[in-house]
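Results of the structural survey
Here's the letter readout for the chains.
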Amino acid sequence: MAKSFKKHDMTLGNPLKVLLLFAVPMFLGQIFQQFYNVADMKIVGMKLGDNALAAISSVSSVFGILMGVANGLNNGCAITVARMYGADNKQMLRRTLASMLCINFTAVALFSIVGISFMNPLMALMKVPENLKADAKVYLTFILCGMITTMAYNMCASVLRSVGNSRTPLYFLIGSSIVNVTLDYLFVVKTELGVGGAAAATIIAQGISALLCLGYIIKYVPELHISKKDFVFDKVLLKELLAMGFSMSLITSLVSFGSAAVNRANNILSARYGEGIITANSAARRIDGLIMMPMSTLGMALSTFVSQNRGAGHYERINRGIKGALSVGAAWCALGVACLYAFGDFLVKFITGTDSETVTVHAVEYMRINSPFFFLLMVLLVFRSVLQGFGKKIIPIVTAAAELVLKFFAAAILVPHLGFLGICVAEPVIWTVSAIIVAAVYIKDMKSIKKQYNF
């Protein structure tokens, strides 16, 4: 392989150090992606008011589903890319990329057309309050029309990360984040395009990131260049890509569909608590997501690390990497819990830009109930990522399906009886059950793998 690729090889060096050096740029990249969303929320809240903010929040789980599909599909396919790279199989590496491109274009067309065609039924299904529907539809329509930029960036970034280069996507994302904030200000504050302007700013920024990543690959990474001859119908390869891509996409989608059910139940609660409850739930979930983002990032890094080392046959390195990830994860969770208990009020007000007591009180309540269970979520993320890196598809899907069922249970039973407290306790119950399932399977599978490869 080219010399520029060797410095990103995850089959060499101290496993924990390699993992962290790879994960840190990915984490910073996710921070900047969240920065898009936080900028939207803050500028919309300050300029357009709480109702516009509630409109975006009322369909936030739908946006989460779309992002989950984009991330899951490409991260799943990237596991195969990482394995081909670890095995130094250049021809199959390029064929994998060609097939991955076709899958992405098909997914974009499907989701954009279906989403826009069924916009009104979707609003009804989500129980979006009548006075919020107009803004919610505008925001979601913009996001659906811009799905091509979301998928393009996720594909280019996941391909670079699969060969160990997590820094380049970060650099481009930083630049596009600055563009996003600038456009938010221009579209929402100066030209008064409303919630559509906030969505348009995000789409344009993601498009810039995608073009920069693609340009980098074309200029500096010839090993990833594909040509017409690489578009070969390889049934075995296509089956593997679809299995890995759609299994990870299904995992994120099932979790997001479950979140949509809880989001819907929370929208209904607005009749009892006021529309501020919608913003409170969205703000609390976003802050929790930011705190746990390093762990989800470490999980993604672990999938690539496991896949590359699996391709190279370095199983002892995999074992050492897993132990290191668990140690780092436990320390980070302890820090996150302490931060949320100490600075929860400040974080809610900073992100939303609102002075509503309803928003602050309920958001803080949600975070204080959820955060002690971060340790179980960390175990779930680490072990699920390891299983995915080994090409295991069924159990991660089973745990995601369990999350879906439990979230529907929470929306149908807990929320009607407990009110907002039902929203708060839903995630801890789900994390506990899912962590137990995936940990049990991980222990069983690792015993088999250790025996087979004698490490």
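So, a few notes on the structure that sits alongside this text. (Residues numbered from 1 in each chain as written. Predicted model: local features only at pLDDT ≥ 70, side-chain atom pairs only at ≥ 80, totals over all residues. Heavy atoms only, no water.)

1. Regarding the overall build of the protein
Each helix and strand counted, the protein has 17 helices and 0 strands in total. The C-alpha radius of gyration computed for the protein amounts to 21 Å, which stays within 12% of the reference 23 Å derived for 455 residues, consistent with globular compactness. Each of the three principal axes of the protein carries a C-alpha extent, and together these read 60 × 45 × 35 Å. Scored against the burial criterion, the 455 residues of the protein give a buried share of 56%. Surface exposure of the protein reaches about 18,500 Å², of which carbon and sulfur atoms provide 68%. In the protein, which carries 39 positive and 22 negative side-chain charges, the distance between the mean positions of the two groups comes to 11 Å. (Helix = DSSP H or I, 4+ residues; strand = E, 2+ residues; numbered from the N terminus. Rg over C-alpha atoms; globule rule 2.2 N^0.38 Å. Buried < 20%, exposed > 50% of the residue type's maximum accessible area, 1.4 Å probe, protein only. Areas by Shrake-Rupley, 256 points an atom, 1.4 Å probe, with all protein chains shown as cover. Lys, Arg positive; Asp, Glu negative; His and termini not counted. Charge placed at Lys NZ, Arg CZ, Asp CG, Glu CD.)

2. Details of the environment of Met155
Its location among the elements puts Met155 in helix H8 (residues 147–162). Since its relative accessible area comes to 13%, Met155 is described here as buried. Each C-alpha atom of the pair Met155 and Ala78 lies 8.4 Å from the other, and the pair is 77 residues apart in sequence. Aside from chain neighbours lying at most four places away, what touches Met155 is Asn74, Leu97, Met100, Leu101 and Asn104. (Contact = heavy atoms within 4.5 Å.)

3. What to know about the packing of aromatic side chains
Scanning the model with the defined rule gives 6 aromatic pairs in all. Measuring from centroid to centroid gives 5.2 Å for Tyr216 and Tyr220, while their planes differ by 45°, and the two rings are tilted. Here Tyr216 pairs with Tyr220, and both are found in helix H10 (residues 195–220), just 4 residues apart, close to one helical turn. Taking relative accessible area as the criterion, Tyr216 reaches 22% and is therefore assigned partly exposed. Relative to Tyr442, the ring of Phe383 has its centre 4.0 Å away and its plane inclined at 10°; by these criteria the two rings are stacked. Placement of Phe383 in helix H15 (residues 374–389) and of Tyr442 in helix H17 (residues 420–453) is noted, with a sequence separation of 59 residues between them. For the pair Phe383 and Tyr442, a shared accessibility class is recorded, and that class is buried. (Phe/Tyr/Trp six-rings, centres within 6.5 Å; stacked < 30°, edge-to-face > 60°.)

4. Some details on the pattern of salt bridges
Side-chain pairs of opposite charge can arise where the charged atoms are in close proximity. Scanning the entire structure with this criterion turns up 2 salt bridges. Lys133 is paired through a salt bridge with Glu130; the nearest N and O atoms lie 3.4 Å apart. Residue Lys133 is classed as partly exposed on the basis of its relative accessible area, which comes to 23%. Residue Glu427 is joined to Arg285 by a salt bridge in which the shortest nitrogen-to-oxygen separation is 2.8 Å. Placement of Glu427 in helix H17 and of Arg285 in helix H12 (residues 276–312) is noted, with a sequence separation of 142 residues between them. We classify Arg285 as partly exposed; its relative accessible area is 29%. (Salt bridge = Lys/Arg side-chain N within 4 Å of Asp/Glu carboxyl O.)

5. Regarding the environment of Asn370
Positionally, Asn370 belongs in helix H14 (residues 357–370). Residues Asn370 and Val429, 59 residues apart in the sequence, show an inter-C-alpha distance of 9.6 Å. In this structure, Asn370 is in contact with Asp288, Cys424, Glu427, Pro428 and Trp431, ignoring residues within four places of it in sequence.

6. Some details on the side chain of Ser307
Take Ser307: it is sitting in helix H12. You can call Ser307 buried: its relative accessible area is 0%. Reaching out from Ser307, the side chain makes a polar contact with the backbone oxygen of Ile79 at a distance of 2.7 Å. Not counting chain neighbours up to four residues away, the residues in contact with Ser307 comprise Ile79, Ala82, Arg83 and Gly389. (Polar contact = N/O pair within 3.5 Å; in protein donor to acceptor, adjacent residues only side chain to side chain.)

7. Here's the deal with H14
The terminal C-alpha atoms of H14 lie 20 Å apart, and with 14 residues this matches the ideal 20 Å at 1.5 Å per residue to within 8%. Among all positions in H14, only Val359, Thr360, His362, Ala363, Val364, Tyr366, Met367 and Asn370 are buried. (Expected span 1.5 Å × (residues − 1).)

8. What to know about the nonpolar core
Ranked by internal contacts, the top residues of the largest apolar core, which has 117 residues, are Leu224, Leu302 and Phe374. Per-element tally for this core: the top contributor is H12, with 13 residues. If near-sequence neighbours (up to four positions away) are discounted, Leu302 is found in contact with Leu19, Gly321, Ile322, Ala325, Val382, Ser385 and Val386. (Core = buried A, V, L, I, M, F, W, Y, C linked by side-chain atoms within 4.5 Å.)

9. Some words on the packing of H12 against helix H13 (residues 315–352)
Their axes nearest at 10 Å, the elements H12 and H13 cross at an angle of 165°. On the basis of their axis angle, the class for H12 and H13 is roughly antiparallel. As for the relative orientation of H12 and H13, their crossing is right-handed in sense. Broken down by class, the residue content of the contact of H12 with H13 amounts to 22 nonpolar, 6 polar and 3 charged. (Axes fitted to C-alpha atoms, helices over the stretch in contact; angles between N-to-C directions. Parallel < 35°, antiparallel > 145°, perpendicular 65-115°, else oblique. Left-handed = near helix turned anticlockwise from the far one by under 90°. Nonpolar A, V, L, I, M, F, W, Y, C, P; charged D, E, K, R; others polar.)

10. What to know about the packing of H12 against H15
Contact geometry of H12 with H15 gives a least axis separation of 8 Å together with a crossing angle of 25°. In terms of their interaxial angle, H12 and H15 are classed as roughly parallel. Handedness of the H12/H15 crossing: right-handed. Contacts between H12 and H15 involve Asp288, Ile291, Met292, Met295, Ser296, Gly299, Met300, Leu302, Ser303, Val306, Ser307 and Arg310 from the former and Phe374, Leu377, Met378, Leu381, Val382, Ser385, Val386, Gln388 and Gly389 from the latter. A breakdown of the residues in the contact of H12 with H15 according to their chemical character gives 12 nonpolar, 7 polar and 2 charged.

11. A closer look at the state of the cysteines
The full count for this structure, using the stated rule, is 0 disulfides. Between Cys339, a free cysteine, and Cys333, which holds the nearest cysteine sulfur, the sulfur-to-sulfur gap is 12 Å. Exposure remark for Cys339: the relative accessible area of 27% places this residue in the partly exposed category. Left unpaired, Cys424 is separated from the closest cysteine sulfur, that of Cys333, by 19 Å. According to the relative accessible area criterion, Cys424 is buried, its value standing at 0%. (Disulfide = S-S within 2.5 Å.)

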